[in-house]
Amino acid sequence: MKKRFLAIFLVLAMVVGSLVACGNKDDEPADKNVSNQDKDNEQDDGENDVSDVEEEEEVPENEVVGDADAEDAFYVYGWNTDVQNNVLKYFAEFYPEDAKRIVFVNTGGTDFYQSKIDALLEDPNNKQYPDMFAMEMDYIMKYTDSDYTLPVSECGITEADLSEMYEYTIQAATVDGVLKGLSWQACPGAMMYRRDLAEKYLGVSEPEEVQEFFKDWDTMLETGKMILEKSGGATKLFSGVDDVKRVYQAGRTHAWYDDNNKIVVDDVMLDYMDYAKQLFDLGLTNNTSQWSDEWNANVKSDNTFAYMGCTWFLHWTIKANAGDAETGTYGKWGMCAGPQSYYWGGTWLGVGKDCSDKELAGKILKALCDKDVMKAICKGSLDYVNHKAAIAELSAEGEGAYDFLAGQDFLAYFSPLAEAIELPAMCGEDLQITNAFDNQVNEFVNGNKDKDKAIEDFKSAVTDLYPYLSK
Amino acid sequence: MSIKRGKRKHKTIEYGRYGYFFIAPFFIVYAIFHLWPLINTIWMSFMEYYAKGLKVVGPNFNGFKNYVNVLFGEGELFNTFTFRTLGNTIIMWVANFIPQILLSLLLAAWFTDTRVKLRGVGFFKVSMYLPNIITAASLAVLFFSLFSINGPMTQLLRQIGLIGETYDIMDNKWATRLIISFINFWMWYGNTMIILIAGILGINPNLFEAARIDGASSSQIFRNITLPLLKPITLFVLVTSSIGGLQMFDIPSLFNVNQAGDGLPDYASNTITMYIRKLTLASKDYGRAGASSVILFLVTLCISLVFFFFLSDRKELHERVAIKKKRGMSNV
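What you are looking at is a predicted structure, and each value in this text was computed from that prediction instead of being measured. (Residues numbered from 1 in each chain as written. Chains lettered and ligands numbered in written order. Predicted model: local features only at pLDDT ≥ 70, side-chain atom pairs only at ≥ 80, totals over all residues. Heavy atoms only, no water.)

Draft legend 1. Layout of the packing of aromatic side chains. As enumerated under the stated definition, the model contains 54 aromatic pairs over all chains in all. What links up through ring pairs into an aromatic cluster is the set W291, W295, Y307, W312, F313, W333 and W344 of chain A. Directly above the ring of W333 of chain A sits R194 of chain A, whose terminal nitrogen or CZ lies 5.9 Å from the centroid. Looking at R84 of chain B, its charged tip hangs above the ring of F81 of chain B, at a distance of 4.7 Å from the centre. (Phe/Tyr/Trp six-rings, centres within 6.5 Å; stacked < 30°, edge-to-face > 60°. Lys NZ or Arg CZ within 6 Å of the ring centre and 35° of its normal.)

Here you go:
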């Protein structure tokens, strides 16, 4: 008998052991990895990750900040630390008592963000239910155009609260007249260029004068040729042809498909293909692709004259890659409007349908409409905040003068650009479809395919990916 | 007597039962994590089951529609993403496997040759196995930075004059595929070599000795003794490698991909497992992902069966068939 018990015990131990091992591998949203505060290492920018990755791409672990075990925990989800560092941190300064209840979950990268929160949104009884979650421009429609998000009016946000917000940020989160999310940032785009190179090749360096050389697409192409010629081929206009993509994309009048679920390639996207081809054929770029290591490295190099970027791009891409004033390009940058006004990206906060505390959700949303909170956010994080009066006051106080841009006032510069933004057409599948489009543009630009074939192949790829779309 | 015997028999059965307890964990885990997902995949392959945004459609039974879609797509047989990505996978596997087995065979023959008596065999074995220890992800990223547009290998090739000043290797379909094949080849030839060495060492040394006394040359010994007797091991290597190769995922999915995980350029390095994963991520189209998985399963099965047919010991097979036939006859 003893032996039998021993055997059964051993078997159970083995089964339980193997099951537990499997359970850990699964990405449970419940992972409360509070001790792992080393956030920067967890950001998914490729190289840092490699040491942790075992066999293949792993689903990154969630990072949780706050007291997750508390009865009245209020869960906020994001795919990086932006919401934590740019909003919740300042919310805590103004409302320390409420902030104690907030549990921020960083899912570690955009790749798995949607699949992680989608599962949770369908499960209102889960303790980790996203009371509030971040939504990115590229897929905000997926959530606002569903029943999973709550109209902000139900959290006590009124028309008056929204008066100082930029119109396009409200439009972007509105579906059928119902506003379902608020953003703390506005993301007008501009062109960031190297002052020293402009002085050398164009003879001017101040934004107003440089803007003349980039006032429209054709002039920009001519200027690109001139820079290439004068520098003897050493300095190219852009790092890659896809640098101009976001500018064109923001001008779309059709989303990727129409009401009949038929794929439509907007004329501006066709224009973009032609322009990219011209840039490539004339050798005006370094042929990098956006976000690649080379593309990042070119910020420091004299081989690239300008980048097309927006508010967050200025701080977290250009400045982050520029290095210091001695060896890098810090302080050598300027900003002008470029050939066309546009916007790029932005993060909205939405409230889950079964939010546990609408009052607190309302309070956080209200903070996004509060001038003082917004001023604090802007001062602290340099984010261009979504509050016209706050921007005007900060600019008047001289907060916008930015030594990275050799003293140029970025707040004052972005301000009219933000007012001018018109929301382009978009759809919930933008992220994947745009990537499929990029693949084909690349083939077309390299001369492997003609335009019609590229568009045809793009449509095939999209219909294959989304069964409800047709050519 | 009979009672005693009965008791004894009973006791042995009692002990034998523990054996089942000990193998039970495997079957339980297998049923939960392998068998059930397998059945579920086949079940889903007959369903219309996808999500439009957050609205889930299905699962509704739709017969063989997913299979028709996967096989024909827009009308032409096999001109679908499933088969194109399957083609990519097979190309990359073949390009890695043929040089791999040849080199491994050669090295294994050298290292086991009693006449050559290489020194430092242990060192070579270890150092050739080493690439397999590095994680595939690191290798993929390493090779990507070597061959990317400003990478050292690209610059070297530019200086030699093999490629143009602005040429980007990563825009070339065949270069991308070949580099992925090379990484796989480099990672796995040490492993294959060790298996083959084990196989050769398992051959009766008397045979080699006898052949040598009879005056056979090294190449004759290799062709007429080593190779035929190595067949079962070669079969094992081929089958395991083809199963692993058709499921190739880690290296291509980290090598030359865009943000959405497509194998660039123009899906040339997209393997079928990457494609299946993409289907379940983009529109959560589990129906078609299931159908593609079943196709992958069938193709793997066919390839393995072909190997078995060509490489298994025919003589033994014939004998077995003959014995079976005889038995059948006697039964009749």
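Draft legend 2. Up close: the nonpolar core. If you look at the biggest cluster of nonpolar residues, it comprises 215 residues, and the most contacted ones within it are L182, V244, F305 and L365 of chain A. Considering every element that reaches this core, the biggest residue donor is helix α3 (residues 81-112) of chain B, with 11 residues. (Core = buried A, V, L, I, M, F, W, Y, C linked by side-chain atoms within 4.5 Å. Buried < 20%, exposed > 50% of the residue type's maximum accessible area, 1.4 Å probe, protein only. Helix = DSSP H or I, 4+ residues; strand = E, 2+ residues; numbered from the N terminus.)

Draft legend 3. Structural context of the pairing of strand β10 (residues 333-336) of chain A. All names here are of chain A. Here β10 shows a buried face lined by W333 and M335 and a second buried face lined by G334 and C336. Relative to β10, strand β8 (residues 189-194) is paired through four bridges, and the arrangement is antiparallel. When the bridges of β10 are listed, M191 appears paired with C336. (Pairing = 2+ DSSP bridges.)

Draft legend 4. Quick peek at a nonpolar patch on the surface. All names here are of chain B. A cluster of nonpolar side chains, contributed by Y20, I23, F26, F27, Y30, L35, W36, L38, I39 and I42, occupies part of the molecular surface with about 1000 Å² of accessible area. Considering the arrangement of structural elements, one finds I42 in helix α1 (residues 2-44). The class of I42 is partly exposed, set by a relative accessible area of 40%. (Patch = residues over 30% accessible without salt bridge, like charges linked within 9 Å, V, L, I, M, F, W, Y side chains within 5 Å. Areas by Shrake-Rupley, 256 points an atom, 1.4 Å probe, with all protein chains shown as cover. Salt bridge = Lys/Arg side-chain N within 4 Å of Asp/Glu carboxyl O.)

Draft legend 5. Expanded view of the sheet that holds strand β9 (residues 306-310) of chain A. Residues and elements named next belong to chain A. Pairing is antiparallel across the open sheet formed by three strands, whose spatial order is β9-β8-β10. Here the strands that pair on one side only, and so sit at the sheet edges, are β9 and β10. Averaged over all neighbouring strand pairs, the angle between strand axes comes to 35°, with direction disregarded. With five bridges connecting them, β8 and β9 associate as antiparallel partners. From the neighbouring strand, M192 faces β9, where its bridge partner is Y307. Helix α9 (residues 195-202) rests against β8 and β10 of the sheet, and its axis sits at about 70° to β8. (Axes fitted to C-alpha atoms, helices over the stretch in contact; angles between N-to-C directions. Contact = heavy atoms within 4.5 Å.)

Draft legend 6. Structural detail: the state of the cysteines. All names here are of chain A. For the structure shown, the criterion picks out zero disulfides over all chains. C155 takes part in no disulfide bond, and the closest cysteine sulfur to it belongs to C355, at a distance of 6.2 Å. Of the residues examined, C155 reaches a relative accessible area of 10% and is grouped as buried. Summary of cysteine pairing: C336 is not part of a disulfide, and the nearest cysteine sulfur, belonging to C310, is at 15 Å. For C336, a relative accessible area of 0% corresponds to the buried category. (Disulfide = S-S within 2.5 Å.)

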